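# A look at the structure
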Number of protein chains: 2
Amino acid sequence: MSQSEQATTIREIAALAGVSGGTVSRVMNEKPGVGPETRARIKALIAEHDFHGDATARQLSRGRSDSLGIVFPLQVSEVVMHPVYPELLGAISDAAQDAGYDVILFTTNASRGVEHVLDSVKRKRVDGLILPAASSDDPLIAQVESTGTPTVLIGHRQRARRITWVDCTHDEALYAMTTSLLLAGRRALTLFNGPKRISAYDLRAQGFWRAIREFGDPAVRANEKVFDMGFVGGVEATETLLREVPATDAIVCSADITAAGVLDALARSGFAVPGDIAVTGFDDIDFASHSTPTLSTVRMPLHETGATAVSLLLEMLGGGLTTPEPRILETTLVERESTGSVTP
Amino acid sequence: MSQSEQATTIREIAALAGVSGGTVSRVMNEKPGVGPETRARIKALIAEHDFHGDATARQLSRGRSDSLGIVFPLQVSEVVMHPVYPELLGAISDAAQDAGYDVILFTTNASRGVEHVLDSVKRKRVDGLILPAASSDDPLIAQVESTGTPTVLIGHRQRARRITWVDCTHDEALYAMTTSLLLAGRRALTLFNGPKRISAYDLRAQGFWRAIREFGDPAVRANEKVFDMGFVGGVEATETLLREVPATDAIVCSADITAAGVLDALARSGFAVPGDIAVTGFDDIDFASHSTPTLSTVRMPLHETGATAVSLLLEMLGGGLTTPEPRILETTLVERESTGSVTP
DNA sequence: CCGATTTACTAAACCGGTTGCGTAATCATG
DNA sequence: CATGATTACGCAACCGGTTTAGTAAATCGG
């Protein structure tokens, strides 16, 4: 029981137990071929010396690192401050560690590009890779693919390539949200959207326009403004919109933070929400449930997304998944005061 | 130039170059003892075959993992959603990778405790550890210390133990903020603070009370309410406070998110900010510069904190730092409309 | 009771870089 | 030209688990 000074190698434990290193290895990995009393004796010694083995040596001999890499871009305006990343990262980290994998975090910035990630892949520091929110033109995707490393993309439907990805129903969400607004009598809708090269924004626009189309009322007026989703962008776009389309009675935003700017601008201009104009967001950040009025929005299945990505990657690593298997998870509509669905 | 199929081992490159493995190793590490023309020939072969070496083998022979661990708690109410973590993590990741280290992310949750971290340390998966925001009673600190692994704490001044830490001037910030309010004529101040076991909240309270004390005006009334910092907590505490201390003319919050709740509650109750009551926050989250009125707050040197922690850890790893060397970095006061320092 | 199988375990060769030691060749010096 | 110092490398032993081939003993069947 006394935690003696810890032994350093498997052979030291072996010597103490009067066996060879291979036997200790078998005991540590719960493999057969060791007698019960020998096994017990070795286990006692392992516990006594607080022996844990050397991860690096194990990795070398087994030919795998038992860790997976996750690549996050820093200081990319579209992506960085996005509030979904911490939760996504947490989910991935959780799932990976529960499966016995370590998570190596790669970040890129202006001075340090993706070369470092590729280098680590080639040096076999990671067995697989998870890439959140790569835009369609991200060169990293092609480069990673060429290395043959098992990879799962998150938030981008890379149909052209043979890569597995996980995404959620951005399109369905905005279809449902827009339809809900139309059914509530709104007839002059504007979509505030981010650049289409980000797959999520593209899909959201598709859902918006499909709802308009399928509703089929010629009295409906809809248009779309594309700019960088952010608070200030929301403010400016709203001021412009109120001038250009005074009849506007609904503003659909592709991001809560932009909707926050919209609410702010509307309040300053004396418009009532949802009385005069309905406003919707996307992401369900903290602000959405705290604003005045509270914001109707869309919640993404972030935890499930992370867990699914890890799960798919582990399947690929285990060889059980050879063809790309994309997954699309369900978003949740959260209707609050800003669309009049809930009264204050 | 043609990127042939990539060679797998250093000895294969050696065979192609007609030299021994050791020579290739020396070339890859830019070590002396290799003639210029041999070096050039080997470099050409390395480039041609896109050879990068095996990180694990290198780690094993060098006895170090060239990676450092960072431990983040998940689902700990006080800590989790705190908006400073992403930026801190980004800074740490950036600094570590720039120094050639990989970052292994450890997260703990209800079912998976710190054992996994300790195990990884003992198995030498990481050379050092960075622990953000461990509270004073965190058992991980003592356990990590007993393993002798180089460790840097962030956000907690662990004076009792021989551990290096990095923190910022929470106390000075609130001293300055409170003094500023007093000089502006506020006389009935309340501090909304989090639990003292979190070092940051303890220090902020100290700064607040020192400012009151040193101002020395017996007409000043000050008190402190402790609860979990959050939006809802801010709303509730404000409603209670307005009932109990109607004369209140300043609410100092230890977190922006709580200040958001305060602003919300004050607006509903018809109080003008800063006209009737001044409000201040802490953290400078996005909300602070977008709220109505904009929020006076304190900005922590997050990037510098992360970079400093990595820098200290690397010094320890290099053996250049044997005694604990704490660092306290400067916070920045950001005065905006909610204290009347800036007019809308 | 003997040959055949199973079990328990050892020895040693891996995994793929790194590095100290040894040696032959080159160079400097007197 | 002899001697000592340097340089350029090869060789092989590491680092510490893992794993396969092989051996001795134990078990089993008939």
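Reading the values: the criteria
- Counting restarts for each chain, with residues numbered from 1 along the sequence as it is written.
- Written order decides the labels, with chains lettered from A and ligands numbered from 1.
- Only residues with pLDDT of at least 70 are given local features in this predicted model, and only at 80 or more are side-chain atom pairs given and counted; all residues enter the totals for whole chains, interfaces and linings.
- Just so you know, side-chain values use all the structure's heavy atoms and leave hydrogens and water out.
- The copies were overlaid by least squares, fitting only the C-alpha atoms of residues that reach a pLDDT of 70 or more in each copy.
- It only takes one pair of heavy atoms within 4.5 Å for two residues to be counted as in contact.
- We define buried area as the total accessible area lost by two parts upon association, computed with a 1.4 Å probe and summed across both.
- Whenever Lys or Arg places a side-chain nitrogen within 4 Å of a carboxyl oxygen from Asp or Glu, that contact is recorded as a salt bridge.
- In protein, a polar contact requires one atom able to donate a hydrogen and another able to accept it; more generally it is a pair of N or O atoms within 3.5 Å, and residues adjacent in sequence count only if both atoms are side-chain atoms.
- By definition, any uninterrupted DSSP run of H or I lasting at least four residues is a helix, any uninterrupted run of E lasting at least two residues is a strand, and each is numbered from the N terminus.
- Each Phe, Tyr or Trp ring, with Trp reduced to its six-membered ring, pairs with another whose centre is within 6.5 Å; inter-plane angles below 30 degrees give stacked pairs, above 60 give edge-to-face pairs, and intermediate values give tilted ones.
- Under the scheme applied here, a residue whose accessible area is under 20% of the maximum for its type counts as buried, over 50% as exposed, and between as partly exposed, the area being computed with a 1.4 Å probe on protein chains only.
- Whether a charge sits over a ring comes down to the Lys NZ or Arg CZ being within 6 Å of the ring centre and within 35 degrees of the ring normal.
- Any residue with at least one heavy atom within 4 Å of a molecule or strand is counted as near it.
- When residues are sorted by character, Ala, Val, Leu, Ile, Met, Phe, Trp, Tyr, Cys and Pro go into the nonpolar class, Asp, Glu, Lys and Arg into the charged class, and all the rest, Gly among them, into the polar class.
- Segmentation of the chain into domains, including their bounds, is taken from an automatic or database domain assignment.
- Multiplying one less than the number of residues by 1.5 Å gives the expected span of a helix.
- By this definition, two strands are paired if DSSP reports at least two bridges between them.
- Between N-to-C directions, angles span 0 to 180 degrees; the directions come from axes that are lines fitted to C-alpha atoms, helices contributing only their stretch in contact.
- Among buried residues, the Ala, Val, Leu, Ile, Met, Phe, Trp, Tyr and Cys ones that are joined through side-chain atoms within 4.5 Å form a nonpolar core.
- To sort the angles, those under 35 degrees are grouped as roughly parallel, those over 145 as roughly antiparallel, those from 65 to 115 as roughly perpendicular, and the leftovers as oblique.

With that settled, consider the relation of the copies chain B and chain A. For the pair chain B and chain A, the superposition axis carries a translation of 0.0 Å, the fit reaches an RMSD of 0.1 Å, and the rotation angle comes to 180 degrees. Here the two chains are linked by the operation of a two-fold rotation axis. Proximity to the rotation axis, assessed at the C-alpha, singles out Ile104(B) in chain B; its C-alpha lies 2.3 Å from the axis. Both copies contact each other with a shared surface, as 100% of the interface residues of chain B are interface residues in chain A too.

Moving on to the interface of chain B and chain A. Taken together, the contacts link 41 residues of chain B with 41 residues of chain A. For the pairing of chain B and chain A, the buried interface totals around 4200 Å² over both sides, and the portion due to carbon and sulfur atoms is 47%. Remark: the boundary between chain B and chain A carries 10 salt bridges. The tally of links from chain B across to chain A stands at 28 residue pairs in polar contact (both at pLDDT 80 or more). Of all the secondary-structure elements, those providing two or more residues to the side of chain B that touches chain A are helix 4 (55-62), helix 5 (84-98), strand 2 (102-108), helix 6 (115-122) and helix 11 (256-269) of chain B. Per-element tally for the side of chain B that touches chain A: the top contributor is helix 5 of chain B, with seven residues.

Turning our eyes to something else, we now look at the packing of aromatic side chains. Applying the stated criterion across every chain, the model contains six aromatic pairs over all chains. Aromatic side chains Phe72(B) and Tyr85(B) sit 5.2 Å apart centroid to centroid with 80 degrees between the ring planes, which places their arrangement in the edge-to-face category. With a gap of 13 residues between them, Phe72(B) in strand 1 (residues 67-73) and Tyr85(B) in helix 5 connect regions that are remote in the sequence. A single burial state applies to Phe72(B) and to Tyr85(B), both of which are buried. With centroids separated by 5.3 Å and ring planes inclined at 70 degrees, the aromatic side chains of Phe192(B) and Phe227(B) adopt a geometry described as edge-to-face. Of this pair, Phe192(B) sits in strand 6 (residues 188-193) while Phe227(B) sits in the loop between strand 7 (221-226) and helix 10 (231-244), and the two are 35 residues apart along the sequence. With respect to class, Phe192(B) is no different from Phe227(B); both count as buried. Above the plane of the ring of Phe282(A) lies Arg204(A), whose end atom (NZ or CZ) is 3.6 Å from the centre. We note Arg210(B) situated over the ring of Tyr175(B); from NZ or CZ to the ring centre the distance is 3.9 Å.

Around DNA strand C sit 28 residues, and of these Arg26(A), Gly35(A), Thr38(A), Ile10(B) and Lys31(B) come closest. Sugar plus phosphate, as a fraction of atoms of DNA strand C within 4 Å of the protein: 59%. Here Ser20(A) contributes a backbone N or O atom positioned 2.8 Å from a phosphate oxygen of DNA strand C. Of the residues belonging to the surface near DNA strand C, the class tally is six nonpolar, 14 polar and eight charged.

We note that the domain assignment places domain 1 (10-53), domain 2 (67-168 + 303-329) and domain 3 (170-300 + 333-339) within chain A. Its C-alpha centre places domain 1 of chain A at a distance of 38 Å from the equivalent point of domain 2 of chain A.

The next thing to look at is the protein's contact with DNA strand D. In the vicinity of DNA strand D there are 28 residues, among which Ile10(A), Lys31(A), Arg58(A), Thr23(B) and Gly35(B) approach most closely. One of the backbone N or O atoms of Ala57(A) is found 3.5 Å from a base nitrogen in DNA strand D. At a separation of 2.6 Å, a phosphate oxygen of DNA strand D approaches a polar side-chain atom of Thr23(B). Partitioned by chemical class, the residues of the surface near DNA strand D number seven nonpolar, 14 polar and seven charged.

The next thing to look at is helix 9 (residues 199-215) of chain A. Residue and element names in this part refer to chain A. When the terminal C-alpha atoms of helix 9 are compared, their 24 Å separation across 17 residues agrees well with the 24 Å that a helix rising 1.5 Å per residue should span. Looking only at helix 9, the buried set comprises Ser 199, Ala 200, Tyr 201, Leu 203, Arg 204, Ala 205, Gly 207, Phe 208, Ala 211 and Ile 212. Following helix 9 by one or two positions, Gly 216 adopts a phi angle in the positive range, close to 70 degrees.

A word on the pairing of strand 4 (residues 151-154) of chain A. Residue and element names in this part refer to chain A. Burial of the side chains of strand 4 extends over both faces: Thr 151 and Leu 153 are buried on one face and Val 152 and Ile 154 on the other. In this structure, strand 3 (residues 128-132) lies alongside strand 4, joined through four bridges in parallel fashion. When the sheet's bridge partners are listed, Leu 131 is paired in strand 4 with Leu 153. Examined bridge by bridge, strand 4 and strand 5 (residues 164-168) share three bridges and lie parallel to one another. Residue pairing for strand 5: Leu 153 is matched across the bridge by Trp 165.

Now for the sheet that holds strand 9 (residues 278-280) of chain A. Residue and element names in this part refer to chain A. The strand order across the open sheet formed by four strands is 7-6-8-9, and the pairing between neighbours is parallel. Whereas interior strands pair on both sides, the edge strands pair on one side only; in this sheet they are strand 7 (221-226) and strand 9. Here the strands of the sheet are splayed against their neighbours by 15 degrees on average, with no regard to which way each runs. The sheet contact formed by strand 6 (residues 188-193) and strand 7 spans six bridges and is parallel. The partner of Leu 191 across the bridge, within strand 7, is Glu 224. Lying over the sheet, helix 8 (residues 170-183) contacts strand 6, strand 8 (250-253) and strand 9, oriented at roughly 155 degrees with respect to strand 6.

For soluble globular proteins, the rule of thumb is that nonpolar side chains tend to be buried together. Membership of the largest hydrophobic core comes to 83 residues, with the highest contact counts inside it found for Ile130(A), Leu189(A), Ile130(B) and Leu189(B). Dropping the residues within four chain positions of it, Ile130(B) is found in contact with Leu68(B), Gly69(B), Ile70(B), Val71(B), Ile92(B), Val152(B), Ile154(B), Ala309(B), Val310(B) and Leu313(B). Of all hydrophobic cores here, the second largest spans 32 residues; its members include Val117(A), Leu129(A), Leu140(B) and Ile163(B).

Turning our eyes to something else, we now look at unusual backbone geometry. Residue and element names in this part refer to chain A. In this structure, the amide linkage connecting Val 273 to the following residue, Pro 274, adopts the cis form with an omega of 5 degrees. Its place among the elements puts Pro 274 in the loop between helix 11 (256-268) and strand 9. Of note, the bond from Thr 292 into Pro 293 is cis; its omega dihedral lies within 30 degrees of zero at -5 degrees. You can see Pro 293 is positioned in the loop between helix 12 (286-290) and strand 10 (297-299).

Attention now moves to the sheet that holds strand 7 of chain B. Residues and elements named next belong to chain B. Across the sheet, four strands lie side by side as 7-6-8-9; this open sheet has parallel pairing. The two strands at the open ends of the sheet, each matched to only one other strand, are strand 7 and strand 9 (278-280). Averaged over all pairs of adjacent strands, the angle between their axes in this sheet comes to 15 degrees, without regard to strand direction. As paired elements, strand 8 (residues 250-253) and strand 9 share three bridges and run parallel to each other. Within strand 9, the position partnered with Ile 251 by the bridge is Val 279. Packed onto the sheet, helix 8 (residues 170-183) meets strand 6, strand 8 and strand 9 and runs at close to 155 degrees relative to strand 6. Packed onto the sheet, helix 10 meets strand 6, strand 7 and strand 8 and runs at close to 150 degrees relative to strand 6.

Here we come to the packing of helix 2 (residues 21-28) of chain A against helix 3 (residues 36-48) of chain A. Residue and element names in this part refer to chain A. Two numbers describe how helix 2 lies on helix 3: the axes approach to 10 Å, and their chain directions differ by 85 degrees. When the axis of helix 2 is compared with that of helix 3, the two are roughly perpendicular. Seen from helix 2, the contacting residues are Thr 23, Val 24, Arg 26, Val 27 and Met 28; seen from helix 3, they are Thr 38, Arg 39, Ile 42, Lys 43 and Ile 46. Per-class residue counts for the contact of helix 2 with helix 3 are five nonpolar, two polar and three charged.

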